[in-house]
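Tertiary structure, described
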Amino acid sequence: MLDPLERLEVAAEAQYERVTKGLPEGRFRCGCGRITDLNDAHPWSDNPYAMPTCGECLDEAIRDKERCE
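Residues numbered from 1 in each chain as written. Predicted model: local features only at pLDDT ≥ 70, side-chain atom pairs only at ≥ 80, totals over all residues. Heavy atoms only, no water.

Before going further, it helps to examine the nonpolar core. General note: in soluble globular proteins, nonpolar side chains tend to be found buried as a group. Among the nonpolar cores identified, the biggest contains 5 residues, and these are V19, F28, C30, C54 and C57. Setting aside chain neighbours within four positions, we find C54 in contact with F28, C30, C32, R34, T36 and H42. (Core = buried A, V, L, I, M, F, W, Y, C linked by side-chain atoms within 4.5 Å. Buried < 20%, exposed > 50% of the residue type's maximum accessible area, 1.4 Å probe, protein only. Contact = heavy atoms within 4.5 Å.)

Structure (structure tokens):
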């Protein structure tokens, strides 16, 4: 039986496989559908298991957060 951290690791690995499947090495598909270099990826949060996002989605999230403050 997996402990909670192991479950997070397994889930993160499965998600990472999903966002990189069928793409050249070093590329991923953001949740918005854009294909981006992993070097240009940004995490949604400080959670070490957070999936990468493209810069455009991160900028949009920051703008949305600033509007709410």
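Turning our eyes to something else, we now look at the state of the cysteines. Inspection of the entire model under this criterion finds 0 disulfides. No disulfide involves C54; its nearest neighbouring cysteine sulfur is the one of C57, lying 3.6 Å away. (Disulfide = S-S within 2.5 Å.)

The subject of this paragraph is helix α1 (residues 4-20). Here α1 is 17 residues long and its end C-alpha atoms lie 24 Å apart, about the 24 Å a rise of 1.5 Å per residue gives. Residues of α1 that are buried: A12, V19 and T20. The buried residues of α1 all sit within an arc of 85 degrees when viewed along its axis, so they share a single face. Across from the buried face of α1, at angles greater than 90 degrees, the exposed residues are E13 and R18. Residues of α1 that are buried in the fold lie against β1 (27-29). For α1, the N-terminal capping position is held by D3, with its side-chain oxygen 2.9 Å away from the main-chain nitrogen of L5. The first or second residue beyond α1 is G22, which carries a positive phi of 75 degrees. (Helix = DSSP H or I, 4+ residues; strand = E, 2+ residues; numbered from the N terminus. Expected span 1.5 Å × (residues − 1). Arc of directions from axis to C-beta. Polar contact = N/O pair within 3.5 Å; in protein donor to acceptor, adjacent residues only side chain to side chain.)

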